[in-house]
Amino acid sequence: QVQLVESGGGLVQPGGSLKLSCAASGSIFSINVLAWYRQAPGKERELVAIIASGGNTIYADSVKGRFTISRDNAKNTVYLQMSSLKPEDTAVYYCKANRGLYFWWGQGTQVTVSS
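An account of the accompanying structure is given in this report. (Residues numbered from 1 in each chain as written. Predicted model: local features only at pLDDT ≥ 70, side-chain atom pairs only at ≥ 80, totals over all residues. Heavy atoms only, no water.)

**Here's the deal with the nonpolar core**
Soluble globular proteins: nonpolar side chains tend toward being buried together. Ranked by internal contacts, the top residues of the largest apolar core, which has 28 residues, are Trp36, Leu80, Met82 and Tyr93. Breaking this core down by element, the ones donating at least two residues are β3 (18–24), β4 (33–39), β5 (46–52), β7 (67–72), β8 (77–82), β9 (91–99) and β11 (109–113). (Core = buried A, V, L, I, M, F, W, Y, C linked by side-chain atoms within 4.5 Å. Buried < 20%, exposed > 50% of the residue type's maximum accessible area, 1.4 Å probe, protein only. Helix = DSSP H or I, 4+ residues; strand = E, 2+ residues; numbered from the N terminus.)

This is the structure we're talking about:
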């Protein structure tokens, strides 16, 4: 099994930047898809960005041009670089790993964008 530990969340002002990390307990080289989701209070969990093993990425329209997902297989870590943050980006952010029929969720990290 794979265990995911997220970090990097916190309080940031609108327009600021924040970088989230999600470290896996084991190698993620064989994990085809890594993704970031977020869930705001009273809202459904939504997909933010995904990255495949080859580096192909997909972003939600709401974050295109502002967020960048990346993975470092050597470090067994996936990142989410967030820039030009808006109050509506406030949410708990979760990472997810997928390999074949298996998937794993991180515990989530809080991101609050407020002045």
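**Considerations on the state of the cysteines**
Applying the stated criterion across every chain yields a total of 1 disulfide. Two residues, Cys22 and Cys95, share a disulfide whose sulfurs are 1.9 Å apart. Because the torsion about its S-S bond is 50°, the bridge between Cys22 and Cys95 counts as right-handed. Of the two residues, Cys22 is situated in strand β3 and Cys95 in strand β9; the sequence distance between them amounts to 73 residues. The same class applies to Cys22 and to Cys95, which are both buried. (Disulfide = S-S within 2.5 Å.)

**Quick look at the sheet that holds β3**
As a general point, the strands of a sheet are linked pairwise by backbone hydrogen bonds and lie either parallel or antiparallel. One open sheet accounts for 4 strands, arranged β1-β3-β8-β7; its pairing is antiparallel. Both edges of this open sheet fall to β1 (4–7) and β7, since each of them pairs with a single strand only. Pairwise comparison of adjacent strand axes, ignoring direction, gives a mean angle of 15° for this sheet. Sheet topology places β3 next to β8; 6 bridges connect them, and they run antiparallel. Of the residues in β8, the one forming a bridge with Leu18 is Met82. (Pairing = 2+ DSSP bridges. Axes fitted to C-alpha atoms, helices over the stretch in contact; angles between N-to-C directions.)

**Brief notes about the pattern of salt bridges**
A complete count under the given rule lists 4 salt bridges for this structure. Of the charged contacts in the structure, one is a salt bridge between Glu46 and Arg38, with a shortest N-O distance of 2.8 Å. Assessed through its relative accessible area of 5%, Arg38 is described here as buried. Connected through shared salt-bridge partners, Arg38, Glu46, Arg66 and Asp89 make up one network. (Salt bridge = Lys/Arg side-chain N within 4 Å of Asp/Glu carboxyl O.)

**A look at the pairing of β4**
Sheet faces and side chains relate simply in a regular strand, where the side chains alternate between the two faces. Of all 7 residues making up β4, 5 are buried, and the element is well covered by its neighbours. Pairing geometry for β4 and β5, over 6 bridges, is antiparallel. Across the sheet, residue Trp36 finds its bridge partner in β5, namely Ala49. Counting the residues in the hairpin turn of β4 and β5 gives 6 residues, including Gly42, whose phi is positive at 75°. Of the pairings in the sheet, the one linking β4 to β9 comprises 7 bridges and is antiparallel in character. In the strand pairing of β9, Trp36 is matched with Cys95.

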